[in-house]
Amino acid sequence: MALAVALWLLLLPVYLRWRRRRNDRGWSAWVELTSERETQYRLLRDEIARRVGDIGESCDLARRRHERGDETDALRVLAAIVDVIEAFVPDLVGRLREWARVAWALERVPPLQPVSPRVLRVGRVKGVAAAWAALDALLVGTRERFRLRAFMLRYALRLVASGMRELVHGQKAPAARWQRVEALRDDLDTLSDASLETFRGLLVSLQLRLPATA
Amino acid sequence: MRVLLWAAGPVLAGWVLAGLVARRRLHHAYLLPPFLVALIVSAALPVVDPRGYDWTAWLIKETVHTVLAFALGFELAVRLFRHLPGAALVARGTVLAALAGTAALVASAPWRQGVVADLSVVVLPRVIVGLAWLYFGVAMTTAFFMLPEDRLHRAVLATFPFYFMLYAVVSTGLAGDTVRGVADYGLPLLWLAVLFVVGRAAWAPDDPPDAPPALVSLLWPWR
């Protein structure tokens, strides 16, 4: 009896946090996914392309500074890139979490292939992709595979963000550092595209469920 | 003071019921009106027949309230998740876990068969804890899937678990004798607050959600 009460008290803050997040968004989390799907998709695609493009341009700028021998300035640009990534990645991670929950609630989700480790460059991210492919092969339901996809993408995106942060604060040799920056940038690009594909998959599944709003 | 608290409960329950009828919200939760009627009738019983109101009558009253509260919890779960198969699976698991937990709590209760007092301080609080878990589980599942809630459902799901849990803690003596005196007044006051919140939701003007009709019919099929 005391255990049942204590467990309830422990779960209460989790419930209140979920409630607050849901109330902040109200209907919007579901409405965004069901009204004007093509517009929503285009908006997200453009936003991701803009942010990834900004990060890419900044990386090029930092590399040029490095090639000119201005390492301090290059590092300063790199720190600014980390700030941009740290704003972009949590946003995308939050969206992936929401999409996974919506997909979980639904009946059918179209099958999506996991990202191949071959197209990724950073070792740890490749490892995540390999584990993802192995688990994906074990799961049967498309809904479960969709949730796995969202989880792995979130994890891999966080790895990219933390990898970038380590580069700024770490003691890596300059040549190795800039190779790593390039690899992380490419992986961020790949993972962003995969996230967009996830969104597309969810839109298709909602279209199957709600043909009237298509 | 106690008489006032005792009288305010059925009055507020009547106010909630009137709100449901006036705003045409009876179909938002079919089992809420019977639950409210049971509250009003059971509050009137000791006045109508003071000598007939014994332990057995009290036990019947509590059983009816508990059964109706469980049924209302099930109804809300079915309403909220009926059209979302994935979420319905999770909700079903939550409800079953609450029921299994209640059964386990009751089965492990150290009570003497046939002793009504044991039922009131040993068995009933455990059933009420299960009830609190049922409502809490449904509310948690709703929040997890970010489902927008109808105002009336939100009022019920957000307030009932708190009252039931406090009721169980107080009536089983878990909270100790020191707070028990406060709870003699605190518990009825909390119940009045719960009824007030539900009543406000019942009387609130109907504002249709700003969402596509197909989505509204998916998430709020009772509208």
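This is a predicted model, so every value here is computed, not measured.

1. Some details on the overall build of chain B
Here's step 1: Scanning chain B from N- to C-terminus turns up eight helices and zero strands.
Here's step 2: Whereas a compact globule of 223 residues would reach a radius of gyration of roughly 17 Å, chain B reaches 18 Å, a difference of no more than 12%.
Here's step 3: The principal-axis extent of the C-alpha atoms belonging to chain B is close to 55 × 40 × 30 Å.
Here's step 4: For chain B, the proportion of contacts with a sequence separation of at least 24, taken over those separated by at least 6, is 78%.
Here's step 5: When the accessible surface of chain B is totalled, it reaches about 10200 Å², and 69% of it is carbon and sulfur.
Here's step 6: Positive and negative charge centroids in chain B, built from 16 and 12 side chains respectively, lie 3 Å apart.

2. Considering the overall build of chain A
Here's step 1: Counting secondary structure elements, chain A contains seven helices and zero strands.
Here's step 2: Referenced to the eigenvectors of the C-alpha coordinate spread, the extents of chain A come out at roughly 60 × 50 × 35 Å.
Here's step 3: Classification of the 214 residues of chain A by burial places 46% in the buried group.
Here's step 4: Within chain A, residue pairs in contact and separated by at least 24 positions form 80% of the contacts whose partners lie at least 6 positions apart.
Here's step 5: Of the roughly 10500 Å² of accessible surface on chain A, 55% is carried by carbon and sulfur atoms.
Here's step 6: Of the side-chain charges in chain A, 37 are positive and 27 negative, and the distance between the mean point of each set is 6 Å.

3. Some remarks on the packing of helix α4 (residues 85–107) of chain B against helix α5 (residues 116–144) of chain B
The packing of two helices is summarised by the inter-axis angle and the distance between the axes.
Residues and elements named next belong to chain B.
Here's step 1: Two elements in contact, α4 and α5, have axes whose closest approach is 9 Å; the angle formed by their N-to-C orientations is 165°. When the interaxial angle is binned, α4 and α5 end up roughly antiparallel. In this structure, α4 crosses over α5, and the sense of that crossing is right-handed. Mapping the contact onto sequence places Ala87, Val90, Ala91, Thr94, Val95, Ala98, Thr102, Leu105 and Val106 in α4 and Val123, Arg126, Val127, Val129, Gly130, Trp133, Leu134, Gly137, Val138 and Thr141 in α5.
Here's step 2: Broken down by class, the residue content of the contact of α4 with α5 amounts to 13 nonpolar, five polar and one charged.

4. Concerning the interface of chain B and chain A
Here's step 1: The interface is formed by 43 residues belonging to chain B together with 32 residues belonging to chain A.
Here's step 2: Interface area, chain B with chain A, both sides summed: about 3500 Å², of which 80% is carbon and sulfur.
Here's step 3: The interface formed by chain B and chain A holds one salt bridge in total.
Here's step 4: Salt-bridge contacts for A:Arg19 lead to B:Glu149; the nearest nitrogen and oxygen are separated by 3.5 Å.
Here's step 5: Put simply, chain B and chain A have eight residue pairs in polar contact (both at pLDDT 80 or more) between them.

5. Overview of the pattern of salt bridges
Residue and element names in this part refer to chain A.
Here's step 1: Under the defined criterion, the tally for this structure stands at 22 salt bridges over all chains.
Here's step 2: The partner of Asp46 in a salt bridge is Arg45, and the shortest N-O contact between them spans 3.6 Å.
Here's step 3: Residue class for Arg45 comes out partly exposed when judged on its relative accessible area of 34%.
Here's step 4: A salt bridge links Arg124 to Glu166; the nearest nitrogen and oxygen atoms lie 3.3 Å apart. With a gap of 42 residues between them, Arg124 in helix α5 (residues 123–138) and Glu166 in helix α6 (residues 142–169) connect regions that are remote in the sequence.
Here's step 5: Since its relative accessible area comes to 41%, Arg124 is described here as partly exposed.
Here's step 6: Shared partners join several salt bridges into a network, and the residues in it are Asp60, Arg63, Glu67, Glu182 and Arg185.

What counts and how
- The numbering scheme is per chain: residues are counted from 1 as the chain's sequence reads.
- Lettering for chains starts from A, numbering for ligands starts from 1, and both go in the order in which the items are written.
- Thresholds applied to this predicted model are a pLDDT of at least 70 for local features of residues and 80 or more for the giving and counting of side-chain atom pairs; totals over whole chains, interfaces and linings are not thresholded and use all residues.
- With hydrogens and water stripped out, all remaining heavy atoms of the structure feed into the side-chain values.
- Numbering of helices and strands runs from the N terminus, with a helix taken as a DSSP run of H or I at least four residues long and a strand as a DSSP run of E at least two residues long.
- The atom set for the radius of gyration is the C-alpha atoms, and the globule formula is 2.2 Å times the number of residues raised to the power 0.38.
- For this analysis, residues touch if any pair of their heavy atoms sits within 4.5 Å.
- Only the protein chains shown count as cover for residues, and all accessible areas are computed by the Shrake-Rupley method using a 1.4 Å probe.
- Neither His nor the chain termini are counted; the positive set is Lys and Arg, and the negative set is Asp and Glu.
- Working definition for charges: the position is that of NZ of Lys, CZ of Arg, CG of Asp or CD of Glu.
- Only protein chains enter the accessibility calculation, which uses a 1.4 Å probe; a residue whose area is less than 20% of its type maximum is buried, one above 50% is exposed, and one in between is partly exposed.
- Angular values range over 0 to 180 degrees, each being the angle between N-to-C directions of two axes fitted as lines to C-alpha atoms, with helices fitted over their stretch in contact.
- Here is the rule for angles: anything less than 35 degrees is roughly parallel, anything more than 145 is roughly antiparallel, 65 through 115 is roughly perpendicular, and the remaining ranges are oblique.
- In a left-handed crossing the near helix is turned counterclockwise from the far helix by less than a right angle, and in a right-handed crossing that turn is clockwise.
- For this classification, Asp, Glu, Lys and Arg are treated as charged, while Ala, Val, Leu, Ile, Met, Phe, Trp, Tyr, Cys and Pro are nonpolar and the rest, including Gly, are polar.
- Summed over both partners, the accessible area (1.4 Å probe) lost when two parts come together is defined as the buried area.
- What makes a salt bridge here is a side-chain nitrogen of Lys or Arg within 4 Å of a carboxyl oxygen of Asp or Glu, nothing more.
- As used in this structure description, the phrase polar contact means that two N or O atoms lie within 3.5 Å; if the pair is within protein, one of them must be able to donate a hydrogen and the other to accept it, and residues adjacent in sequence are counted only when both atoms belong to side chains.

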